[in-house]
Amino acid sequence: MNSVATVDLHTHSLRSDGALTPAELIELAVQAGVCVLALTDHDTVAGLDEAQRAADRTGLRLVPGVEISAAWHFQTVHVLGLWIDPASARLRDALGRQQERRRIRMRKMCASLSKAGLPGDSLLATVEANSTLPTRTHLAAALVAAGHVGKTEDAFRKYLGAGKRAHAPADWPDLAQVVGLIREAGGIASLAHPMRYSLSSGGRRRLLADFAAAGGGALEVLTGANGVQHLHACAALAVKFGLRASVGSDFHNPQLTWNPLGRLAKLPDGIVPVWRDRNP
Ligand code: AMP
Ligand code: MN
Ligand code: MN
Ligand code: MN
């Protein structure tokens, strides 16, 4: 067995939709006994310098990462770029375009909220004041803060979830393009939370086949606190498509106590961890 108790390759800071500064995230990770941590904010590398400076004061090894939104047919998928070079000019340009797509989409979602009788303009102003990288998490928080829904989950269920009245798709780049971008920036592409997409099992296999053919290197076989239920199915998929295994909590917020930093489950025998030759 490969012990992965101290590796967490999927986390967020407030540079995207997490609650902690990069330095606070590192501090919490050290307290949680994490030895190797990737900061993988949505569509930005803006937190990596601060995270690295904080990690330098500890024994924690920081893996520079990012979680990039991509399109595969009509499905949005998330691709982790691990060990990327955050200085890559092409990567930075592409992430700048992602951020612009997010701003356009946020305006569309707020316009739909206005049509639904909610104060879309003031919700937009709240989101824009709180983030340079607007996500649905920020909009859900604005809806909760203004008392339009009771909790975050309700915001997604009523308005922001896929297919709901204020959901707007973004014009994300193709999966293959995103994988190429990550590789060009020196990184390994890992497909995040493969069981979270609404796909049939055949659809999921086609996604993985396309991902592997595009140069994808790993599959997130363990994700979040409940991911262990899918561990063996995901491990089998990784083996079938020649992918390595990555593991990550998808940590956003210490108040969500069911999704803590750090992983406790172990990878099954025969599966190659994504960090094997990386000496993290
Ligand atoms: P976006 O990238 O702007 O589409 O926002 C997606 C983010 O929203 C995810 O990374 C999660 O952090 C969050 N999210 C998605 N669905 C839910 C949900 N049902 N409840 C709470 N947060 C969610
Ligand atoms: Mn998120
Ligand atoms: Mn994700
Ligand atoms: Mn994530």
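Further up the page is the structure itself.
Since we're looking at a predicted model, the values are computed, not measured. (Residues numbered from 1 in each chain as written. Chains lettered and ligands numbered in written order. Predicted model: local features only at pLDDT ≥ 70, side-chain atom pairs only at ≥ 80, totals over all residues. Heavy atoms only, no water.)

### Concerning the site of ligand 1
Here is step 1: All residues adjacent to ligand 1 are Asp17, His42, Arg102, Arg105, Thr135, Arg136, Thr137, Thr152, Glu153, Phe156 and His252.
Here is step 2: Between ligand 1 and arginine 102 there is a distance of 2.9 Å, counted from an oxygen atom to a side-chain nitrogen or oxygen.
Here is step 3: One of the side-chain N or O atoms of arginine 105 is found 2.9 Å from an oxygen atom in ligand 1.
Here is step 4: Bound to the protein, ligand 1 loses 75% of the 500 Å² it would expose on its own. (Near = heavy atom within 4 Å. Polar contact = N/O pair within 3.5 Å; in protein donor to acceptor, adjacent residues only side chain to side chain. Areas by Shrake-Rupley, 256 points an atom, 1.4 Å probe, with all protein chains shown as cover.)

### A closer look at the pattern of salt bridges
Here is step 1: As enumerated under the stated definition, the model contains seven salt bridges in all.
Here is step 2: Between aspartate 277 and arginine 244 there is a salt bridge, and its shortest N-O distance comes to 3.2 Å. Remark: arginine 244 occurs in strand 7 (residues 244-248) and aspartate 277 occurs in the segment after strand 7; sequence separation between them is 33 residues.
Here is step 3: What makes arginine 244 partly exposed here is its relative accessible area of 27%.
Here is step 4: One salt-bridge network, held together by shared partners, links Lys151, Asp154 and Arg157. (Salt bridge = Lys/Arg side-chain N within 4 Å of Asp/Glu carboxyl O. Helix = DSSP H or I, 4+ residues; strand = E, 2+ residues; numbered from the N terminus. Buried < 20%, exposed > 50% of the residue type's maximum accessible area, 1.4 Å probe, protein only.)

### Topic: the pairing of strand 5 (residues 188-191)
Here is step 1: Side chains Ile188 and Ser190 project from strand 5 onto one buried face, and the interleaved Ala189 and Leu191 project onto a second face that is buried too.
Here is step 2: Examined bridge by bridge, strand 4 (residues 75-82) and strand 5 share four bridges and lie antiparallel to one another. Paired with glycine 81 across the strands is alanine 189, a residue of strand 5.
Here is step 3: Alignment of strand 5 against strand 6 (residues 218-223), held across two bridges, turns out to be parallel. When the bridges of strand 6 are listed, leucine 191 appears paired with leucine 219.
Here is step 4: Handedness of the crossover joining strand 5 and strand 6 through helix 8 (residues 201-213): right-handed. (Pairing = 2+ DSSP bridges. Right-handed = clockwise from strand over helix to strand, strands pointing away.)

### Here's the deal with the sheet that holds strand 4
Here is step 1: What the seven strands build is an open sheet, ordered 1-2-3-4-5-6-7; its pairing is mixed. Looking at the sheet topology across the chains shown, the edges are occupied by strand 1 (7-8) and strand 7.
Here is step 2: Packed onto the sheet, helix 7 (residues 175-184) meets strand 3 (61-72), strand 4 and strand 5 and runs at close to 160° relative to strand 3. (Contact = heavy atoms within 4.5 Å. Axes fitted to C-alpha atoms, helices over the stretch in contact; angles between N-to-C directions.)

### Concerning the coordination of the manganese ion (ligand 3)
Here is step 1: Glu67 (OE), His78 (ND1) and His193 (NE2) make up the full set of protein donors to the manganese ion (ligand 3), lying at 2.1 to 2.2 Å.
Here is step 2: Read N to C, the donor residues that coordinate the manganese ion (ligand 3) are spaced as E-x10-H-x114-H.
Here is step 3: Here the manganese ion (ligand 2) and the manganese ion (ligand 3) are spaced 5.7 Å from one another. Of the two residues, glutamate 67 is situated in strand 3 and histidine 78 in strand 4; the sequence distance between them amounts to 11 residues.
Here is step 4: The class of histidine 78 is buried, set by a relative accessible area of 17%. (Donors = N, O, S within 2.8 Å, 3.2 Å for Na, K, Ca; no water.)

### Digging into empty space enclosed by the protein
Here is step 1: Applying the stated criterion to the full structure yields one cavity of 30 Å³ or more.
Here is step 2: Size it by volume and the largest cavity reaches roughly 40 Å³.
Here is step 3: In terms of lining residues, the largest cavity is bounded by His193, Pro194, Met195, Glu220, Val221, Leu222, Thr223, Gly227, His230 and Cys234.
Here is step 4: The element contributing the most residues to the lining of the largest cavity is strand 6, with four residues. (1 Å grid on protein atoms, 1.4 Å probe; cavity = no way out; pocket = protein on both sides within 12 Å on 5 of 7 lines; lining within 4 Å. Points joined across faces, edges and corners; volume = space filled by probe spheres on them.)

### Brief notes about the coordination of the manganese ion (ligand 2)
Four donors placed tetrahedrally around a metal ideally meet at 109.5 degrees, and six donors placed octahedrally ideally meet at 90 or 180 degrees.
Here is step 1: At the metal site, the manganese ion (ligand 2) is ligated by Asp17 (OD), His42 (NE2) and His252 (NE2), and these contacts range over 2.1 to 2.2 Å.
Here is step 2: Between consecutive donors of the manganese ion (ligand 2), the numbers of intervening residues give the motif D-x24-H-x209-H.

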